[in-house]
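One letter stands for each residue in the lines below.
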Amino acid sequence: MNTLLIITVLVVFFALAFDFINGFHDTANAIATSVSTRALPPRVAVIMAAFMNFLGAITFVGVAKAIASDIVDPFALSTPDAPLIGTVVILAALLSAITWNLVTWYFGIPSSSSHTLIGSIAGAAIAASGIGVLNYSGFTKIIIALLASPIIAICAGYIMMTIMKFIFKNMNLYKTNKGFRIMQIFTAAIQSFTHGTNDAQKAMGIITMALIAANWQTTDDVQGWVRFACALAMGLGTSIGGYKIIKTVGGKIMKIRPVNGAAADLASASIIFGATLIHLPVSTTHVISSAIMGVGSAQNVKGVNWGMARKIVTTWIITMPISAVMAAVIYTILNLFF
């Protein structure tokens, strides 16, 4: 078995591992509000999220194509004189992203799998070929989407909660809470589906990049087996559940009631699915956490735990540069062996 094939197999393995970890790391994003309001028991919520994540992941491929070609040009990563560079770059990026995801999961911090993956790809590629290897137009578009989506989510959460307050202001609180708990079953399912349509696509894009860099395929089309394998890995990872992050997202940002959870779910799911439709990768973690902050601000600004919110935002800011540096270091080490 030649070296290029071995590295490509490793990339596929670690891409699926990333999707699996992404599943249990980001499970909390989709179901935290429904679990915290007791609309769903944790085990039932996780099983439902696993199925809906799988369904969403296997349905769309637009974001995968963006990951495969918009950050760096996969056709330019390797050369006839150095055919291994592209696959080693992608392997280094995956190892970096997996490391950061596991660290933040261990400490219960809802960091962004999207940020760490994109930062890692950029860092490893720059270490290999210099900053000129970046696809500036595509990379800039992705960065703008990542930065703008949380701001839009805060506004959407605020507006959604304001509308809910106006519509149900004269309703009996007990009946309203009971109705919204039922509604949250559906909003959590929608949230999980949209999570799959965007987040699982990233590993599909990584594998497609590796296949192009290794000259196993000549277009950025996502092959059927890649779609199924990534969707399955995401679904299985989701079935494990990320209970530490559920506690942070579902309770430490603000005290969530059923109406708050439904409003946050609807606002964030709309933004994530909208991004999927225009083929833009966004951070589901950022969008959902931001929507909860927006909902909390509409309900009672003082009711939001802004200390925890600052901690989350700080993690958002540092994730991409830390991941880029880690990936560059890992690439340098791997390059000694391949």
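Rules behind the numbers
Residues numbered from 1 in each chain as written. Predicted model: local features only at pLDDT ≥ 70, side-chain atom pairs only at ≥ 80, totals over all residues. Heavy atoms only, no water. Helix = DSSP H or I, 4+ residues; strand = E, 2+ residues; numbered from the N terminus. Buried < 20%, exposed > 50% of the residue type's maximum accessible area, 1.4 Å probe, protein only. Contact = heavy atoms within 4.5 Å. Areas by Shrake-Rupley, 256 points an atom, 1.4 Å probe, with all protein chains shown as cover. Axes fitted to C-alpha atoms, helices over the stretch in contact; angles between N-to-C directions. Parallel < 35°, antiparallel > 145°, perpendicular 65-115°, else oblique. Left-handed = near helix turned anticlockwise from the far one by under 90°. Phe/Tyr/Trp six-rings, centres within 6.5 Å; stacked < 30°, edge-to-face > 60°. pLDDT = per-residue confidence, 0-100. Expected span 1.5 Å × (residues − 1).

Novice: Lay out the overall build of the protein chain in plain terms, naming residues and giving numbers.
Specialist: A count of helices and strands for the protein chain gives 13 helices and zero strands. Of the regular secondary structure in the protein chain, the N- to C-terminal order runs α-α-α-α-α-α-α-α-α-α-α-α-α. Sorting the 338 residues of the protein chain into buried and exposed places 57% on the buried side. Residue pairs in contact within the protein chain that sit at least 24 positions apart in sequence constitute 87% of those at least 6 positions apart. Here the protein chain displays about 13600 Å² of accessible surface, and carbon together with sulfur accounts for 72% of that area.

Novice: Give a description of the packing of helix α7 (residues 136-167) against helix α11 (residues 258-277) that names residues and reports values.
Specialist: Between α7 and α11, the least distance of the axes is 9 Å, while the angle of their chain directions is 135 degrees. The angle between α7 and α11 falls in the class oblique. α7 and α11 meet at a crossing whose hand is right-handed. On α11, the residues touching Ile152, Ala153, Ala156, Gly157, Met160, Met161 and Met164 of α7 are Val259, Asn260, Ala263, Leu266, Ala267 and Ile271.

Novice: Explain unusual backbone geometry to me, using residue names and the numbers behind them.
Specialist: One non-glycine residue, asparagine 215, adopts positive backbone phi at about 65 degrees. The backbone of histidine 279 shows a phi angle near 65 degrees, a positive value even though the residue is not glycine. Tracing the backbone through its elements, the reader meets histidine 279 in the loop between α11 and α12 (284-300). The exposure class of histidine 279 is partly exposed, given its relative accessible area of 42%.

Novice: I'd like to hear about the packing of aromatic side chains, residue by residue, with values.
Specialist: Under the criterion given, the structure shown has five aromatic pairs. The interplanar angle of 80 degrees and the centroid separation of 5.2 Å between the aromatic rings of phenylalanine 13 and phenylalanine 14 together place this pair among those described as edge-to-face. Using a relative accessible area of 54% as the deciding quantity, one classes phenylalanine 13 as exposed. According to the relative accessible area criterion, phenylalanine 14 is partly exposed, its value standing at 23%. On the numbers, 5.7 Å between centres and 80 degrees between planes, the contact of phenylalanine 60 with phenylalanine 273 is edge-to-face. Remark: phenylalanine 273 occurs in helix α11 and phenylalanine 60 occurs in the loop between α2 (42-59) and α3 (62-69); sequence separation between them is 213 residues. Given a relative accessible area of 22%, phenylalanine 60 falls into the partly exposed group. Taken together, the aromatic side chains of Phe60, Phe193 and Phe273 make up a single cluster linked through ring pairs.

Novice: So what's going on with the confidence of the model for the protein chain? Residues and values would help.
Specialist: Mean pLDDT over the protein chain stands at 84; residues scoring 70 or higher make up 88%. The weakest mean pLDDT in the protein chain belongs to helix α10 (residues 243-252) at 52; the strongest belongs to helix α6 (residues 113-129) at 91.

Novice: I'd like to hear about α6, residue by residue, with values.
Specialist: With 17 residues, α6 extends 24 Å between its outermost C-alpha atoms, agreeing within 8% with the 24 Å of an ideal straight helix rising 1.5 Å per residue. Of all the 17 residues making up α6, 13 are buried; the element is thus mostly covered by neighbouring parts of the structure. Remark: glycine 130 follows α6 within two positions and exhibits a positive phi of approximately 90 degrees.

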